[in-house]
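Summary of structural features
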Amino acid sequence: MIDKIRSADRRRVSLLTTVGDRWRALTKWQQALGLAAFVAFLYYLPLLGVPGLTWLRTDSIEGGNNWAGVLFVCAIYVLVAIGLNVVVGLAGLLDLGYIGFFAIGAYSVALFGSVNSPVVKWIQQEFNLPPTWAVTWAICLFIAIVLTMISGVLLGWPTLRLRGDYLAIVTLGFGEIIRIVARNATGLTNGPVGISAIPGPEGAPSPDNKVFGLIDAKPWYWLAITFVLIMVFLVRRLEHSRVGRAWLAVREDEDAAAVMGVYPFKFKLWAFAIGAALGGLSGFLFGSRNAFIDPTQFNANLSILFVAMVVVGGSGNMIGVSLGAVLLAYLPERFRDFADYRWLVFGLAMVLVMILRPQGLVPSRRRARELKDRAAEAEEAPAHV
Amino acid sequence: MHFDELIGHLGQHTVDGLSKGAIYALIALGYTLVYGVLRLINFAHSEVFMVGTFAVLILWNQLGVENNPPVGQAILFLVLGLIVAAAASGGTALALERIAYRPLRRKNAPPLIFLITAIGLSLVFVELFGQVLPKLLGGVLPEAFGRPRQIVGMPTIIQQETLFTIGNTAITNIQLIVFVAAVAMMAVLDWFINRTRYGRGVRAVAQNPETAALMGVNQERVIMLIFVLGGIMAGAAALLWSMRFGFTQNSIGFVLGLKAFTAAVLGGIGNLRGALLGGLFLGIVEVYGATLFASNWEDVIAFVVLIVVLMFRPTGLLGESLGRARA
């Protein structure tokens, strides 16, 4: 059984490598054309009606609206995966509390943008503003990113000096702290009651909104995918810059990096802050689309799901983690009958991938090489077994 | 802030904290043993504890235990519960080691891969007891696996009553049993690690695996031994938990495991006596904190304590050492 899985996996990997090599062999304008076609397809996706591909749709009724909603969730999870990939895949810091940043992002648009939030009410009272006043969506976006970056630095400052496995537990604790604070600090967050009337780009949810309504999810998906594409571009530039190389160096060997003049703490903190901002952006989109949030939406399981996306997809590789995110968001929706078992399947998938293919479904080429080296070392020194 | 309440009933809160911390300490031992030898956080250890509580639940259901049995029977049920829980938890821990960690060790995988595997395993166990078993065994064992993910109650084995009072501090029989049993288990473990031949092997592997192997210590056997020992301690904790709180659920492991790990780190992970100290300290801090603020802030206090301790004393109160020194 395991041998069969292994041989199928080997065939899949060789297919992937051939595809990758062919892609890199294309000329520049061919690649640009391919990318443009792919982006156009992404924007077309919610309208998907190509015969033969329609079985991808998840609508419970023919031609329904659920498919676009699922795509939206896929898109914000891809955003999360890209952000977490900076932290886990590039800088090599296992962050199990990523949900905390997601929650802070969602709560910043709720607290500052909704007329029902205690914060907005307090501002209205202090400055004698009309009861319909709230911070506009675009400024909330800015607030969300700043707040999550600050919280990333605040969490990273004391904890990033810790060893990797301690960091994992401390961040897990951080995620829980954020959730419990959101639940208990009733004066700030409305506690378990939650906050409603969270605005979208057109303002608070109302029947007059023409584009970003509660029912039609297509515009939301287009908005999210735009953010995803921008962030993919930015993170890609970052990855291939001096900062990106410094992250890889710190991940591979912290001491060697320090000797070479890369200050590990600084770059780890940067990774944390940038990862946090991306998580916050994703949470921000989640909050505005949902128009209502409460603390139960941000539990620790979701945090582990985020890590699973990165790990199963192939940590360190942006295509890999995006694929992981899409699979983990899409499959439970498509196979709704098995949705009860999805956490079980995630857990099993994590264990199997780690034991059989620790580099993930679409491995980063560097990371695969590193793991191969370690396996070779293990074979050279059988005394360790 | 309720300083008056805290100061006025300081003794009472300390006693409550100690009996709470004793359970943390027992679970913390599992983390500490494995970490001391393998430098691995066995994240799935919380589920080892959870399996133990379900073993106790099923046993008591099968025996048809009713509320408040006579003393003789109660002792019998507790002893049987201890054996079954220790067997179930120890077996689970051993299975985790064999199925998941050993193949990874063979490949010389980096620590993060171990940790992620452990998280996956933990998820698998939670779902197994929350979804799969209720569907499979719901008809056979309706009391244990009725509706998915529900909280299931257990019979009261010992009626809680005040044994004696010192000043305004009342000590109940359950608190006394939990504390004494936990400390006794830990004393036995401490003796085992420090005084027996097997224990010497464990310490040797913790100090230096290669040298230990050269001296004829079977490393694989030592690793199995520590997983089983940690599992047995978690099983004992599971019995004490069942006796004291009288309920279980597929997801109780998560927060409890996190607290126990915090306790292990507080005392100095890899250090057996540190686990005891850390557990008791954490229990007391939590009760004090819950009194000062409000009981729903309890978990936040535990995590803040963890972060603060790691900042100022990353090796914990007593320092990390299973192999070195005596403790």
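Reading guide: rules and limits
Residues numbered from 1 in each chain as written. Chains lettered and ligands numbered in written order. Predicted model: local features only at pLDDT ≥ 70, side-chain atom pairs only at ≥ 80, totals over all residues. Helix = DSSP H or I, 4+ residues; strand = E, 2+ residues; numbered from the N terminus. Rg over C-alpha atoms; globule rule 2.2 N^0.38 Å. Buried ≥ 20, exposed ≤ 12 C-beta atoms within 10 Å, placed from the backbone. Contact = placed C-beta atoms within 7 Å. pLDDT = per-residue confidence, 0-100. Core = buried A, V, L, I, M, F, W, Y, C linked by C-beta atoms within 7 Å. UniProt positions renumbered as here; feature names shortened; annotations may be inferred. Pairing = 2+ DSSP bridges. Expected span 1.5 Å × (residues − 1). Axes fitted to C-alpha atoms, helices over the stretch in contact; angles between N-to-C directions. Parallel < 35°, antiparallel > 145°, perpendicular 65-115°, else oblique. Left-handed = near helix turned anticlockwise from the far one by under 90°. Nonpolar A, V, L, I, M, F, W, Y, C, P; charged D, E, K, R; others polar.

**Digging into the overall build of chain B**
The secondary structure content of chain B amounts to 12 helices and four strands. For 327 residues, the compact-globule estimate of 2.2 N^0.38 gives 20 Å, and chain B sits close to it at 20 Å. In terms of overall dimensions, chain B has C-alpha extents of about 55 × 50 × 35 Å along its principal axes. Of all 327 residues assigned to chain B, the portion counted as buried reaches 53%. For chain B, the proportion of contacts with a sequence separation of at least 24, taken over those separated by at least 6, is 77%.

**Some points on the overall build of chain A**
Regarding its fold elements, chain A presents 16 helices and zero strands. The C-alpha radius of gyration of chain A comes to 22 Å, within 12% of the 21 Å expected for a compact globule of 385 residues. With respect to the three principal axes, the spread of C-alpha positions in chain A is 75 × 55 × 45 Å. Counting every position in chain A, which comprises 385 residues, the buried fraction comes to 44%. Taking the contacts inside chain A whose residues are at least 6 apart along the sequence as the reference set, 77% of them involve residues at least 24 apart.

**Let's talk about the confidence of the model for chain A**
For chain A, the average pLDDT comes to 86, and 95% of its residues sit at 70 or higher. For chain A, the element scoring lowest by mean pLDDT is helix H16 (residues 365-380) of chain A, at 71; helix H4 (residues 98-113) of chain A scores highest, at 94.

**A look at the nonpolar core**
Counting residues in each nonpolar core, the largest one holds 226 residues, and the members touching the most others are Ala75, Met309 and Met350 of chain A together with Ala25, Leu26, Ala182 and Ala237 of chain B. It is helix H3 (residues 66-90) of chain A that provides the largest number of residues to this core, a total of 20 residues. The residues contacting Ala25 of chain B, other than those within four sequence positions of it, are Ala182, Met186, Ala263, Ala275, Leu276, Gly279 and Leu280 of chain B.

**Regarding the UniProt feature "transmembrane region" (unreviewed entry) in chain A**
If you check UniProt for "transmembrane region" (unreviewed entry), the listed places come out as residues 32-55, 67-89, 96-115, 135-157, 220-238, 269-292, 304-331 and 343-362 of chain A in our numbering. With 86% helix and 0% strand, the stretch residues 304-331 of chain A has end C-alpha atoms that lie 17 Å from each other.

**Digging into the interface of chain B and chain A**
Tallying the contact residues gives 39 residues for chain B and 40 residues for chain A. Those elements giving two or more residues to the side of chain B that touches chain A turn out to be helix H4 (71-106), helix H5 (111-137), helix H8 (209-214), helix H10 (252-267) and helix H12 (298-312) of chain B. At 15 residues, H5 of chain B tops the list of elements feeding residues into the side of chain B that touches chain A.

**What about the environment of Phe212 of chain A?**
Assignment of secondary structure puts Phe212 of chain A in the loop between helix H8 (186-189) and helix H9 (218-239). In the structure, Phe212 of chain A is positioned 131 residues away from Trp343 of chain A in sequence and 32 Å away in space, judged by C-alpha atoms.

**Thoughts on the pairing of strand E3 (residues 169-172) of chain B**
Residues and elements named next belong to chain B. Here strand E2 (residues 162-166) pairs with E3 via four bridges, running antiparallel. Within E3, the residue paired with Phe164 across the bridge is Ile171. Connecting the antiparallel pair E2 and E3 is a turn made up of two residues, with Gly167 showing a positive phi of about 60 degrees.

**Brief notes about helix H14 (residues 318-334) of chain A**
For H14 of chain A, with 17 residues, the first-to-last C-alpha span of 24 Å sits near the 24 Å given by 1.5 Å per residue. Buried within H14 of chain A we find Met318, Gly320, Val321, Ser322, Leu323, Gly324, Ala325, Leu328 and Ala329 of chain A.

**A word on unusual backbone geometry**
All names here are of chain A. For Asn128, which is not glycine, the phi torsion reads 55 degrees and is therefore positive. One can find Asn128 in the loop between helix H5 (118-127) and helix H6 (137-159). Judged by local crowding, Asn128 falls into the exposed class, with 7 C-beta atoms found within 10 Å. Positioned with a positive phi, Ala197 is a non-glycine residue whose angle comes to about 55 degrees. With respect to the helices and strands, the residue Ala197 is situated in the loop between H8 and H9.

**A closer look at helix H6 (residues 173-195) of chain B**
All names here are of chain B. Taking 1.5 Å of rise per residue, 23 residues should cover 33 Å, and H6 covers 32 Å from first to last C-alpha, within 8% of that figure. For H6, the full list of buried residues reads Ile174, Gln175, Val178, Phe179, Ala181, Ala182, Met185, Met186, Leu189 and Ile193. The inward-facing, buried residues of H6 contact helix H2 (10-38), E3, helix H7 (197-207), helix H9 (219-245) and helix H11 (272-292).

**Concerning the packing of H2 of chain B against H11 of chain B**
All names here are of chain B. Two elements in contact, H2 and H11, have axes separated by 6 Å at closest approach and are oriented at 140 degrees. Viewed along their axes, H2 and H11 adopt a mutual orientation that is oblique. Both H2 and H11 take part in a crossing whose hand is right-handed. Across the contact of H2 with H11, the residue classes tally to 15 nonpolar, nine polar and three charged.

**Concerning the confidence of the model for chain B**
For chain B, per-residue confidence averages 87 on the pLDDT scale, and residues scoring 70 or more make up 97% of the total. Under the prediction, the complex receives an ipTM of 0.83, its pTM being 0.86.

**A closer look at the packing of helix H13 (residues 300-313) of chain A against H14 of chain A**
All names here are of chain A. The geometry of H13 relative to H14 is characterised by a closest axis approach of 7 Å and an angle of 130 degrees between their N-to-C directions. As the angle between them shows, H13 and H14 are arranged oblique. For the crossing formed where H13 meets H14, the hand is right-handed. Contacts between H13 and H14 pair Leu305, Ala308, Met309, Val310, Val312 and Gly313 from the former with Gly320, Val321, Ser322, Leu323, Gly324, Ala325 and Leu328 from the latter. Across the contact of H13 with H14, the residue classes tally to nine nonpolar, four polar and no charged.

**Looking at the environment of Ile75 of chain B**
Locating Ile75 of chain B in the fold gives a position in helix H4. For the pair Ile75 of chain B and Ile157 of chain B, spaced 82 residues apart in sequence, the C-alpha separation works out to 8.8 Å.

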